[in-house]
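Read off the chains here:
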Amino acid sequence: MINLLPKCSRCGSLVADSVESQIEQHDKIKMGNYINSEWICDDCLAAEKKEEKEHSSPLQTNQSNANQCDSIGTASESDVSPNTPRADEANV
């Protein structure tokens, strides 16, 4: 028998971009997409995205912590030059 449907490049399941729900429910053919010259089923694509998200999470957490250090607070007397006029004395 000749198989005319493409296979997922990750798991080898038969893949199509449009499948009737009854056929998909019987696990005969999986929904998928043709990406970068290869077919990949939605299950493998979701697993791949989840894996990428898990690997990128620590980096994003570090970046958000770095942004917390950049908050602007009230200046203390030691932060200001003694030659700087007070706000109420400046002609602003």
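Everything below is about the structure shown above.
Calculation notes
- Residues numbered from 1 in each chain as written.
- Predicted model: local features only at pLDDT ≥ 70, side-chain atom pairs only at ≥ 80, totals over all residues.
- Heavy atoms only, no water.
- Core = buried A, V, L, I, M, F, W, Y, C linked by side-chain atoms within 4.5 Å.
- Buried < 20%, exposed > 50% of the residue type's maximum accessible area, 1.4 Å probe, protein only.
- Helix = DSSP H or I, 4+ residues; strand = E, 2+ residues; numbered from the N terminus.
- Contact = heavy atoms within 4.5 Å.
- Pairing = 2+ DSSP bridges.

Draft legend 1. Up close: the nonpolar core. Core analysis: the largest hydrophobic core is formed by seven residues, namely Cys8, Val15, Trp39, Ile40, Cys41, Cys44 and Leu45. Going through the elements one at a time, strand E3 (38–41) and helix H2 (42–69) are the ones with two or more residues in this core. Here this core takes three residues from E3, the largest share from any one element. In contact with cysteine 8, other than residues within four places in its own chain, are Ser13, Val15, Trp39, Ile40, Cys41 and Cys44.

Draft legend 2. Broad picture of the environment of glycine 12. Looking at the element boundaries, glycine 12 is found in the segment before strand E1 (15–16). For glycine 12 and tryptophan 39, which are 27 residues apart along the polypeptide, the C-alpha to C-alpha distance reads 9.6 Å.

Draft legend 3. Region of interest: the sheet that holds E3. Strand order in the open sheet made by the three strands is E1-E2-E3, with mixed pairing throughout. The open sheet terminates on both sides in strands that have one partner only, identified here as E1 and E3. Direction of pairing for E1 relative to strand E2 (residues 30–35): parallel, over a ladder of two bridges. What sits directly across from alanine 16, in E2, is methionine 31.

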